[in-house]
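Per-entry structural report
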Amino acid sequence: MGTLARTLSFLLLGLLLTSFPGALGSNAGLVARITDKGLEYVAKQGRVALQSKLHRITLPDFTGDFKIKHVGRGHYEFHSLDILSCELLGSALTPLPGQGLSLSISDSFIQVQGKWKVRKSFLRLQGSFDVQVKGITISVNLLLGSEPSGRPTVLASSCSSHIRDVDVDMSGDLGWLLNLFHNQIESRFRKILESKICEMVQKAVTSDLQPYLQTLPVTTEIDSFAGIDYSLMEAPRATAQMLDVMLKAEVFNRDHRSPVAFLAPVMSLPEEHSRMVYFAISDYVFNTASLVYHEAGYLNFSITDDMVPPTSNIRLTTKSFRPFVPRLAKRYPNMNLELQGTVVSAPFLNFSPGNLSLAPQVEIEAFVVLPSSIKEPVFRLGVATNVSAMLTFNTSKITGFLKPEKVQVELKESKVGVFNVELLEALLNYYILNTLYPDVNDKLAKGFPLPLLRHIQLHDPILQIHKVSGFRGL
């Protein structure tokens, strides 16, 4: 029964379903959507990361010769340029339909500090200077894609940077040196700094952002038997106000993976933008899980007398069954019984507004364990039950809790005569409510991970269950 509990604990865990406008025809089992609110948050985090990297930009020395009226000829050197401070004030990350995302940063400034030297004949002067670089704007287009392994990729397809103003303060109050900087150095300084900014952005995308996207899990282990495939079905899809990521979300046998005979339904859902991120999952995830576990026989179970609580008045022995199946006790005196349960077919998860339920059809065959250890069938039961669940989440996982439902038992076939199944029904209900449900709930409380990038956690999540246009999902 531990295997069944582990199985049910996955089958009854859906993910989040919220909403998407229009049809998503890529047959994804799960869609992750980042709205304009989510992109705004990402832009702020990206701005902070870029701001820290701007401090690491190295600027070259500027040297040359000059000829100035009333001053004459000489040699200048502006060296040891260091970025003292920088602040990126405004940022926006917007979808670039058909390509990816566009990051823009505006109203930013950088303060540079350095030293200067001037040599004229035998005269040598030196001092320090400060440069205030104002009105910096940065524009980067990010091309999003996917690699064969199903992980996302990103490439900075274009980058431009512009500086509006450069203010310089020189020690020594040398006006001619200040004019020298503006006339001979400022334009080169602008071009170099603008180039360095884009060079830094390109490097950050390649060395930081791309490896970070690779932390999106492609496959996640459910248990020792099954895993879930979270690979991308296609490149992330950018539309006017959002970014959609289509994930396969297919459960598979880790030892023997085989093609699934059916496709995920096309999602066509209402529009919603009030949250940063949405996850939508179709019943495809449950159906593939149900199929995998059912084909492998993991939904089957058996109950023997040693699994019945010692305090139970009903034992899985022919003697205990004497009052309501006298022929069984007469034909097989003082022998143990074993109940073997089989799920008739892979069960399907039912979605309705605000509700999640499962109605497995189970057949239980009873065997007498003969002294020779041979098991002889004596009767067969049909068991019907409806399982409902509550789903919750934490910052990175979805968890659940089963609501106890009683089983109903029907006698399908008997080799020991017709008998009342009420006592057997009571035994099964006792075992399920007191052993199976607590075991499953313990596993559900541990939860299953959502397909999140490293260090990403969800806050203030809301769960909704919908059934829209024939599509069932969470």
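The structure under discussion appears in the preceding block.
Residues numbered from 1 in each chain as written. Predicted model: local features only at pLDDT ≥ 70, side-chain atom pairs only at ≥ 80, totals over all residues. Heavy atoms only, no water.

1. Considerations on the state of the cysteines
One pass over the full model with this rule turns up one disulfide. The disulfide partner of C159 is C198, and the gap between their sulfur atoms is 2.2 Å. Residues C159 and C198 are joined through a disulfide that is left-handed, its torsion about the S-S bond being -85°. You can see C159 sitting in strand 8 (residues 152–162) and its partner C198 sitting in helix 3 (residues 175–213), a full 39 residues away along the chain. (Disulfide = S-S within 2.5 Å. Helix = DSSP H or I, 4+ residues; strand = E, 2+ residues; numbered from the N terminus.)

2. A closer look at the packing of aromatic side chains
One pass over the full model with this rule turns up eleven aromatic pairs. Between F78 and F181, the ring centres sit 5.5 Å apart and the planes meet at 75°, which makes this aromatic pair edge-to-face. One end of the pair, F78, is in strand 4 (residues 72–87); the other, F181, is in helix 3, with 103 residues separating them in the sequence. Here F78 and F181 have matching classes, each one buried. Judged by centre distance (5.8 Å) and plane angle (80°), the ring pair of F262 and Y284 falls under edge-to-face. Placement of the pair is F262 in the loop between strand 14 (250–253) and strand 15 (267–268) and Y284 in helix 4 (residues 283–295), with a sequence separation of 22 residues. (Phe/Tyr/Trp six-rings, centres within 6.5 Å; stacked < 30°, edge-to-face > 60°. Buried < 20%, exposed > 50% of the residue type's maximum accessible area, 1.4 Å probe, protein only.)

3. Considering the sheet that holds strand 16 (residues 277–281)
In spatial order, the strands read 12-13-2-16; together these four strands make up an open sheet with antiparallel pairing. Every interior strand has two partners, whereas the edge strands, strand 12 (237–238) and strand 16, have only one. Where strand 12 lies against strand 13 (residues 242–247), two bridges are found, and the strand directions are antiparallel. Within strand 13, the position partnered with R237 by the bridge is D244. (Pairing = 2+ DSSP bridges.)

4. Focus: the environment of V168
As for its position among the elements, V168 is in strand 9 (residues 165–170). With relative accessibility at 14%, the residue V168 sits in the buried group. Along the backbone, V168 and E186 are 18 residues apart, and their C-alpha atoms lie at a distance of 9.5 Å. Every residue in contact with V168, bar those within four places of it in the chain, is listed here: D130, V131, L178, F181 and H182. (Contact = heavy atoms within 4.5 Å.)

5. Focus on a nonpolar patch on the surface
Among the surface-exposed residues, Y41, V42, M276 and V277 lie close enough to one another that they form a single nonpolar patch of about 330 Å² accessible area. One can find M276 in the loop between strand 15 and strand 16. (Patch = residues over 30% accessible without salt bridge, like charges linked within 9 Å, V, L, I, M, F, W, Y side chains within 5 Å. Areas by Shrake-Rupley, 256 points an atom, 1.4 Å probe, with all protein chains shown as cover. Salt bridge = Lys/Arg side-chain N within 4 Å of Asp/Glu carboxyl O.)

6. Points about the sheet that holds strand 21 (residues 361–369)
The five strands are arranged 17-18-21-22-25 in an open sheet whose pairing can be described as antiparallel. Whereas interior strands pair on both sides, the edge strands pair on one side only; in this sheet they are strand 17 (301–304) and strand 25 (408–414). The average angle at which neighbouring strand axes cross in this sheet is 25°, direction not considered. (Axes fitted to C-alpha atoms, helices over the stretch in contact; angles between N-to-C directions.)

7. Comments concerning the nonpolar core
Residues F321, L328 and F379 are the most contacted members of the largest nonpolar core, which totals 66 residues. Here this core takes nine residues from helix 6 (residues 422–446), the largest share from any one element. Contact partners of L328, with chain neighbours within four places excluded, come to T318, F321, L337, V368, V378, F379 and V416. Formed by 51 residues, the second largest nonpolar core is a distinct cluster that contains L50, Y76, V131 and F189. (Core = buried A, V, L, I, M, F, W, Y, C linked by side-chain atoms within 4.5 Å.)

8. Describing the pattern of salt bridges
Counted under the stated rule, the structure contains 15 salt bridges. As a salt-bridge pair, D167 and K134 come within 2.9 Å of each other at their nearest N and O atoms. Separated by 33 residues along the polypeptide, D167 in strand 9 and K134 in strand 7 (residues 123–146) bring together distant segments of the chain. The partly exposed category is assigned to D167, whose relative accessible area is 35%. For R257, the salt bridge goes to E250, with nearest N and O atoms at 3.4 Å.

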